[in-house]
Amino acid sequence: MSSPLVRRCWALLAGAWFALAGGPAFAVRDEPPDPDLPPPSKIRDLDYGDVLFHFFQDDYFEALVRLEVSHALGRMPDHAAEAELLAGGLYLSLGLHGEATRRFESVLAGPVPQSVSDRAHFYLARIGFQRGYLEEAARSLGRIRGPLPGSLEPERRLLAANVLMAQGRYGEAAQSLERWTDGSDWTYYARFNLGVALVRTGETARGRQLLESVGAMPVRTEEQRALRDRANLALGFALLQERQPDPAAAALARVRLDGPFTNRALLGLGWAEADAARPERALVPWLELRERPVLEAAVQESLLAVPYAYAQLAANGQAADQYRHAVSAFAAETARLDESIAAIRGGGFLEAVLAAATDPAAKPDDADQAGWLWQLKQAPDAPHTRYLYQLFASHAFQEGLRNYRDLGIMQRNLERRAGSIEAFHEMVAARESESARRAPRKAEMMAGTDLDSLEARRAGLEARVAELVGARDVTALATPEEATQWRKLEVLVARTAALPPGTQRDALAERVRLLRGTLAWRLDADYKLRLSRLRASLAETDAALAEARRRRALVEQAGDLAPRSTEGFAERVRGIERRVERLQPAIDAAAAAQERLLADIAVRELEAQKARLASYATQAQFALAALYDGASAGGAR
Amino acid sequence: MHPNSSGDSRGARGRLRRLACVGAFLVAGCALLTPSAGATGSSPEARTVDQDVQALKKELVDLNRDLFRLEEELLYPASTQVAVFLSVNLGTFFALDSVQLKLDGKDVANYLYTEREVEALHRGGVQKLYLGNLKAGEHELVAVFTGKGPHDRDYRRGTTVRFEKAVGAKYVELRITDRESSLQPEFAVRQWE
Amino acid sequence: MDFRDHAARARLTALMHTLALAAAVLAGALVFPLLAQAVPSSGAAAPDFVLKDLAGRNQRLSEFRGEAVVLTFWASWCGPCRDALETVETVVAASGGAPAALGVSLDHDPGRAGSIVASLGLRHPTLLDAGQSVGRLYDVQHLPLTLLIDREGVVRHAWAREPVPADVLTLKLKELAP
């Protein structure tokens, strides 16, 4: 029924839409690392545990700051490799892939357990792939020895398949997929990517099979539903390309009626019916589509498709009407585009975009852009946000917007830190005045305690005791009364000896001897007690002296260090102040540059849409002219 | 409308069909021209700004790190620093509700735990519960935890730790564990210099 | 009417007027400092806190970082508070459940707070501040107090004494930039 020319046009048309419907389903966001951790009892460095405490609460910035502090202070000796790996992952989650790469590479530089090196290689491979360095990515993947923990393993397989596909090695990608049978979500992403790639390269049958399996996958989450829709959409257009309208319609009919891919599916359904020579049935989805916001390509095409269908049904009057309607709709839309472009060029565009893009109702960290962005599309028209959905189709725009938002967050973090600098100055000043206050007291104390002479005295005492003990001079420990008694007795002894011999003298000598003996005996008995007491007090003095000596040393040390360390602190605070002062304008400048870039991207995107509208409008004019020609020719007869 | 079987109409329709086809071709062509969703195509300026942003972010991380460190050194110098950590090592899930700390008879911490924090502890995180200053010598730490165990049973346990503060930073780890008795959670204490 | 009575009555009236005026002045003198707005200023970080909710779970404000929060201080004895709570519940529900809404009840008796929550059918969490420590932290002088806190924990708007109108809250929510 249709000529080869028409057939080729269908193929091109369907192929074009297929190209838009397909496209890789890579996860856009860098997922934070999933540390395969030893059980809690094995955490040996408390500070590493502190980092993890914040990490597990998804507080990545806080975790990273604490990690870097503990690293600088050498507080995690038992977890060095894991800490470095975690640092790499955290930097990655903050978008710092350069720094992350450095960390992963440094992990690999040392002797590390295989589980750690495997993960480092994986992250490096993922970064490489996202940056477009396929060879490096493949190499890194090749260095992974064992299975990765948790969800990293299926992610690795997806990455490996994606790398192969990006290198055009579809056969190997297909083989790796066949070996992958765990049924996780990741397999579906891989199958989708491969299916699309195979269709693009002409291996439609195999591509279709894969797309069909994804198109029938079980779904629970929004992300899964979006993937399934995409698969059915791509399948539908692939089948259209193959001129199989009925299976195409079946596939397209599986796309949700209220999802991000509905419009394209409706358009495709119409073409399927038209291709099956059922233009009246094609009108059903196309008329529905035509009522939707005209800023989307599918809707714009429906404006042409509807009159085309009418023309097929020989309802030329209707067809002409609809073509005219299309022309004016395109003109109106072009005018709106012009307005938006002018507004963007005039500045102030980004705030409006950001306000809409960061609507509290939107969860900005969804990897699934289709979800909330599509909701954005349904939002009432605001001048600059009408085209947000289209803008977000551009990867460059997304990244730029993320940077811009991050810069804003950084600026506020910096403001808070800058605000605390004053407090730091005060802290340092407080320390300085504190040590200045203690300095005269310290100096005084140091002067007052002449430890050396004290110790000399003590040493002298001890020597005397030793001497005494050696000589067993019991009288040395006598009390003053006893000493006086002893002296008196000595005198008596002498006087008695001087007496003339005789019983008187003997009796007296005996008495003196007894008295002296008693005293001596008493002194001897007390001697031991007194000696031990003396020794005890000597020991006490010993201890006290040692303690005083130690304290003095500490004081000396602190006295030595204090002026130096306070000076060190003051300098550090000043250094930080300088850095803050330098960073603030730098961040502002980067934000301004990013804003300009985003405006450029936006304008380019909108210009491209204008071009499309222009071509559609031209088409409509041609078709209208043809209709008039036909009518006048018919009329002339 | 009636299908017109006249030759001219057929010709008109054929022309129309061809035009529609051309139109489709135009559409296809235009569609192919629009940048596809997967392109990463970044201009040199975009790459420069991207690199600048990355560098700035790194500087900010470094700045935050240096401030954090400075603050700790100023407020809690190693010579007087004492840090109390809390960790959990349990075979069954324990919904920790709160922990109170008394140091030398003075209340120094009274922490209420959210679900998120409890989960972080169970996964192996260690909380830096308290950071303070103490003079050298003997000190006493009294810790009490409350929470709900399995079968909704309420627990309240305490422990007293006497420790010596020497010249370096002192770490005390309070671990809530059921390893010893394996029937209920208890405190175990470890000290680190 | 006796002239003296009249004069006496007039004097009495005058005296009473004077007393009333003095009382008013005194009251004003006492009340005036309270009249001055004492809310965390817009642009300041919302002080972090943790409280138990009606279900017995501990909730920490800083864990809501990443989404905007509408924080409402109220008490069972404050009539306009009910309007404020209803408005917040409606607006937040209409915007799809985000931002988060948190109510802080300053009632000494949690039972009272619970019954208000039940009667209003509130679905957002209600935190109990029987000791009014958080009330003091936020220097709450007038109820209701509704604060709009952005994604990073900074107070963006505050409405004290009168319940925030629904359309104003909706508008401010939409305006929230990062």
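The numbers attached to residues start from 1 for each chain and follow its sequence in the written order. Lettering for chains starts from A, numbering for ligands starts from 1, and both go in the order in which the items are written. Local features in this predicted model are restricted to residues whose pLDDT is 70 or higher, and side-chain atom pairs enter the listing and the counts only when it is 80 or higher, whereas totals over whole chains, interfaces and linings include all residues. The side-chain quantities take in all heavy atoms of the structure and omit both hydrogens and water.

With that out of the way, let us pick up the overall build of chain C. Check the secondary structure of chain C and you find five helices and seven strands. Numbering of helices and strands runs from the N terminus, with a helix taken as a DSSP run of H or I at least four residues long and a strand as a DSSP run of E at least two residues long. Taken from N to C terminus, the helices and strands of chain C fall in the order α-β-β-β-α-β-α-β-α-β-β-α. Counting all 178 residues of chain C, 42% fall into the buried class. Contacts: residue pairs with any heavy atoms within 4.5 Å of one another. Sequence-distant contacts in chain C: of pairs separated by 6 or more residues, those separated by 24 or more amount to 68%. Total accessible area on chain C stands at roughly 9200 Å², and carbon and sulfur atoms take up 62% of it. To sort residues, take the accessible area from a 1.4 Å probe on protein chains only and compare it with the maximum for the residue type: under 20% means buried, over 50% means exposed, and anything in between is partly exposed. For accessible areas, the Shrake-Rupley method is used with a probe of radius 1.4 Å. Any residue's cover is judged against the shown protein chains and nothing else.

Turning our attention to the overall build of chain A. A tally of helices and strands in chain A yields 24 helices and zero strands. In chain A, which comprises 637 residues, the share counted as buried stands at 48%. Here chain A has roughly 29900 Å² of accessible surface; of this, 54% comes from carbon and sulfur atoms.

Glancing now at the confidence of the model for chain C. Reading predicted coordinates in detail is not appropriate for stretches of low pLDDT. Residues and elements named next belong to chain C. Known as pLDDT, the predictor's per-residue confidence is scaled from 0 to 100. Looking at chain C, pLDDT values average 81 and 75% of them are 70 or higher. Scored below 50 in pLDDT, residues 20-38 shows ten contacts in the model against residues more than four places distant or in partner chains. Scored by ipTM, the complex comes to 0.84, with pTM at 0.74.

Turning our eyes to something else, we now look at the packing of aromatic side chains. Residue and element names in this part refer to chain B. Only centres within 6.5 Å qualify two rings of Phe, Tyr or Trp (six-membered ring in Trp) as a pair; their planes then separate them into stacked at under 30 degrees, edge-to-face at over 60, and tilted for everything else. Evaluated as defined, the whole model comprises 14 aromatic pairs over all chains. Taking the centre distance of 5.7 Å and the plane angle of 80° together, the rings of phenylalanine 94 and phenylalanine 145 count as edge-to-face. Of the two residues, phenylalanine 94 is situated in the loop between strand E1 (81-89) and strand E2 (95-103) and phenylalanine 145 in strand E5 (residues 137-148); the sequence distance between them amounts to 51 residues. Per residue, the accessibility class of phenylalanine 94 equals that of phenylalanine 145, and both read buried. Every member of this aromatic cluster is reached through a ring pair, and the members are Phe94, Phe145, Tyr155 and Phe187.

With that settled, consider the pairing of strand E3 (residues 69-74) of chain C. Residues and elements named next belong to chain C. Of all six residues making up E3, six are buried, and the element is well covered by its neighbours. Side chains of E3 alternate between two faces, with Val69, Leu71 and Phe73 and Val70, Thr72 and Trp74 buried alike. Bridge analysis of E3 against strand E4 (residues 100-105) gives six bridges, and the strand direction is parallel. From the neighbouring strand, valine 70 faces E4, where its bridge partner is alanine 101. Pairing of E3 with strand E6 (residues 145-149), which is carried by five bridges, proceeds in the antiparallel orientation. Note that in E6 the partner of valine 69 across the bridge is isoleucine 149. For two strands to pair, DSSP has to find at least two bridges joining them.

All names here are of chain B. Spatially, the four strands line up as an open sheet ordered E3-E2-E5-E6, and their pairing is antiparallel. Looking at which strands have only one partner, the edges of the open sheet turn out to be strand E3 (106-112) and strand E6 (154-165). When the angles between neighbouring strand axes are averaged without regard to direction, this sheet yields 15°. Where E5 lies against E6, twelve bridges are found, and the strand directions are antiparallel. From the neighbouring strand, glycine 147 faces E6, where its bridge partner is tyrosine 155. Axis lines are fitted through C-alpha atoms, for helices just across the contact stretch, and the angle between N-to-C directions can take any value from 0 to 180 degrees.

By convention in these notes, a salt bridge is any Lys or Arg side-chain nitrogen within 4 Å of a carboxyl oxygen on Asp or Glu. For the structure shown, the criterion picks out 55 salt bridges over all chains. For aspartate 275 of chain A, the salt bridge identified is with arginine 243 of chain A, shortest N-O distance 2.2 Å. Taken together, the residues span a long stretch of sequence, with aspartate 275 of chain A in helix H14 (residues 262-275) and arginine 243 of chain A in the loop between helix H12 (222-241) and helix H13 (245-253) at a distance of 32 residues. Among the salt bridges present, the one from lysine 148 of chain B reaches aspartate 154 of chain B, with a minimum N-O distance of 3.1 Å. Connected via shared salt-bridge partners are Glu68, Glu84, Glu99, Arg102 and Arg103 of chain A.

Looking along the chain, the bond that leaves leucine 143 of chain C and enters proline 144 of chain C is cis, with omega of -5°. For proline 144 of chain C, the position within the fold is in the loop between helix H4 (133-137) and E6. One non-glycine residue, aspartate 104 of chain B, adopts positive backbone phi at about 50°. Inspection of the secondary structure assignment puts aspartate 104 of chain B in the loop between E2 and E3. Positive phi outside glycine occurs at aspartate 152 of chain B, with the angle close to 60°.

All names here are of chain C. Note that a disulfide, as used here, is simply two cysteine sulfur atoms within 2.5 Å. One pass over the full model with this rule turns up one disulfide over all chains. Covalently, cysteine 78 is tied to cysteine 81 through a disulfide, its sulfur atoms 2.1 Å apart. In this structure the cystine formed by cysteine 78 and cysteine 81 twists about its S-S bond by roughly 95°; its chirality is therefore right-handed. As far as the burial class goes, cysteine 78 and cysteine 81 line up, both buried.

What follows is about the sheet that holds strand E7 (residues 155-160) of chain C. Residues and elements named next belong to chain C. Read from one edge of the open sheet, seven strands run E2-E1-E5-E4-E3-E6-E7, paired in mixed fashion. The sheet is open, and its two edges are formed by strand E2 (58-60) and E7, each paired on a single side. Strand-to-strand twist of the sheet, defined as the mean angle between neighbouring strand axes without regard to direction, takes the value 30°.

So, about the packing of helix H5 (residues 97-109) of chain A against helix H6 (residues 114-131) of chain A. Residues and elements named next belong to chain A. Packing of H5 against H6 brings their axes to within 9 Å, and their N-to-C directions diverge by 150°. When the axes of H5 and H6 are compared, the pair comes out roughly antiparallel. Our pair here, H5 against H6, has a crossing hand that is left-handed. Packed against H5, whose contacting residues are His97, Ala100, Thr101, Phe104, Glu105, Val107 and Leu108, the element H6 presents Val116, Ser117, Ala120, His121, Tyr123, Leu124, Ile127 and Arg131 at the interface. Taken together, the residues of the contact of H5 with H6 sort by class into nine nonpolar, four polar and two charged. Here is the rule for angles: anything less than 35 degrees is roughly parallel, anything more than 145 is roughly antiparallel, 65 through 115 is roughly perpendicular, and the remaining ranges are oblique. Handedness of a crossing is defined here by the sense of rotation of the near helix relative to the far one, left-handed for an anticlockwise turn of less than a right angle and right-handed for a clockwise turn. In this classification, the charged set is Asp, Glu, Lys and Arg, the nonpolar set is Ala, Val, Leu, Ile, Met, Phe, Trp, Tyr, Cys and Pro, and all remaining amino acids, among them Gly, are polar.

So, on to the confidence of the model for chain A. Residue and element names in this part refer to chain A. The predicted model of chain A has a mean per-residue pLDDT of 82, with 83% of residues at 70 or higher. Counted against residues more than four places away or in other chains, residues 26-30, with its pLDDT under 50, gives 16 contacts. Here residues 360-372 scores under 50 on pLDDT; set against residues more than four positions off or in separate chains, the count is 27 contacts.

Moving on, we come to the packing of helix H10 (residues 185-200) of chain A against helix H11 (residues 204-215) of chain A. All names here are of chain A. In contact at an axis separation of 8 Å, H10 and H11 are set at 150° when each is read in the N-to-C sense. On the basis of their axis angle, the class for H10 and H11 is roughly antiparallel. Handedness of the H10/H11 crossing: left-handed. From H10, Tyr188, Arg191, Phe192, Leu194, Gly195, Val196, Leu198 and Val199 reach across to H11, where they touch Thr204, Arg206, Gly207, Arg208, Leu210, Leu211, Ser213 and Val214. In the contact of H10 with H11, the residues fall into nine nonpolar, four polar and three charged.

Before going further, it helps to examine the environment of alanine 137 of chain A. Residues and elements named next belong to chain A. Take alanine 137: it is sitting in helix H7 (residues 134-142). Taking the C-alpha atoms as reference, alanine 137 lies 7.6 Å from isoleucine 127; in sequence the two are ten residues apart. In contact with alanine 137, not counting residues within four places along its chain, are Ala125, Gly128, Phe129 and Val163.

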